[in-house]
Each structure stands twice: as structure tokens, then as C-alpha cells.
Amino acid sequence: MVEEISPEEVKQRIDDGDDVRIVDIRPESEYERGHIPGAVNIPMNRLPTEIDRHDWDGDVVVACPIGKSSVQAAKLIGSYEAVEDAGAVTSMAGGYEAWEYELEENE
């Protein structure tokens, strides 16, 4: 079972400067239109082949459109052996649909 974290908790952790990596699994075009500040984009269809290209130190929060596919992605990331020594791998409940804060855009 993957733990879920509320968008409010994610925002608070970002504001507090916590060591948390936000992984946005939406398609690149959606990510570029706006994403959680500091999020990295690893589209779900590329996650299995790109998982070993990323640093997984600290806690990881996975975000998707409505908070469903992020649960599956969090399970995949959590099962990756390089993540064993990392912090918690969670899913953002409600996804971007529930995110009521400012989004960062790619210039």
C-alpha cells in the first residue's frame, strides 16, 4: 500500500525547504504548461526505462492528473533497489486536480 500525502502537505514541505523530490508523471506537454514548483518530469510511459537515471535521495512525492496513476508510479519507484535507502515514496492525493496553488511554467 502506497501512502498518500495531501496537496497541502506537499506545499508545506516545499515552503519549509524539506528534502523532497516531486516527480510529475504527466506527459511532457502537460508538465510544460504548468507544474508544482521544483518538480521533475518523468512521464509514466518512460518511468520504467528512466528510473535508473535519477537520484532518489530524500523523500519522493509522485504527482499525476487525479492521483490514481501516481499510486502505481510510487509503487514502481519504491520497488527500485536504488530507492531502498531513500526516504518515503508517496503519492499526492487528488493529483493536479486537487492542487490549488501556483504552478511553475517552463519558459
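Quick note: structure is the one above.
Below is a summary of the structure that appears in this document.

What counts and how
For every chain, the first residue of the written sequence is number 1, and numbering continues from 1 along that sequence. For a predicted model such as this one, the threshold for reporting local features is a pLDDT of at least 70, and the threshold for listing and counting side-chain atom pairs is 80 or more; totals across whole chains, interfaces and linings nevertheless cover every residue. Excluding hydrogens and water, the side-chain figures rest on all heavy atoms present in the structure. Only buried Ala, Val, Leu, Ile, Met, Phe, Trp, Tyr and Cys residues count toward a nonpolar core, and they belong to the same one when joined by side-chain atoms within 4.5 Å. With a 1.4 Å probe rolled over the protein chains alone, any residue whose accessible area is under 20% of its type maximum counts as buried; one over 50% counts as exposed, and the rest are partly exposed. Segments assigned H or I by DSSP are reported as helices when at least four residues long, segments assigned E as strands when at least two residues long, and all are numbered from the N terminus. The pairing criterion is simple: DSSP has to find at least two bridges between the two strands. By definition in these notes, contact holds between two residues if any of their heavy atoms fall within 4.5 Å. Lines fitted to the C-alpha atoms define the axes, with helices restricted to the stretch that makes contact. Angles between their N-to-C directions range from 0 to 180 degrees. Patch building starts from residues that exceed 30% relative accessible area and form no salt bridge, then joins like charges within 9 Å and nonpolar side chains (Val, Leu, Ile, Met, Phe, Trp, Tyr) within 5 Å. The Shrake-Rupley method, run with a 1.4 Å probe, gives the accessible areas here. Residue values count only the displayed protein chains as cover. By definition here, a salt bridge exists when the distance from a side-chain nitrogen of Lys or Arg to a carboxyl oxygen of Asp or Glu is within 4 Å. Lys and Arg are tallied as positive, Asp and Glu as negative. Neither His nor the chain termini are counted. Where a charge lies is defined by one atom per residue type: Lys uses NZ, Arg uses CZ, Asp uses CG and Glu uses CD.

### Considerations on the nonpolar core
- Of all hydrophobic cores here, the largest spans 15 residues; its most connected members are V23, I25, W56, V60, V62 and I77.
- Those elements giving two or more residues to this core turn out to be strand 4 (59-63) and helix 4 (69-79).
- If one sorts the elements of this core by residue count, helix 4 sits on top with 4 residues.

### Digging into the sheet that holds strand 1 (residues 4-5)
- Strand order in the open sheet made by the 5 strands is 1-5-4-2-3, with parallel pairing throughout. Among the strands making up the open sheet, the edge pair consists of strand 1 and strand 3 (40-41).
- When strand 2 (residues 20-24) meets strand 3, the two strands line up parallel, connected through 2 bridges. By the bridge assignment, D24 is partnered in strand 3 with N41.
- Sheet strands touched by helix 4: strand 1, strand 4 and strand 5 (89-92). Its angle to strand 5, the strand with the most contacts, is close to 170°.

### As for a negative patch on the surface
- Among the surface-exposed residues, E3, E8, E9 and E100 lie close enough to one another that they form a single negatively charged patch.
- Residue position: E8 is located in helix 1 (residues 7-15).
- According to the relative accessible area criterion, E8 is partly exposed, its value standing at 44%.

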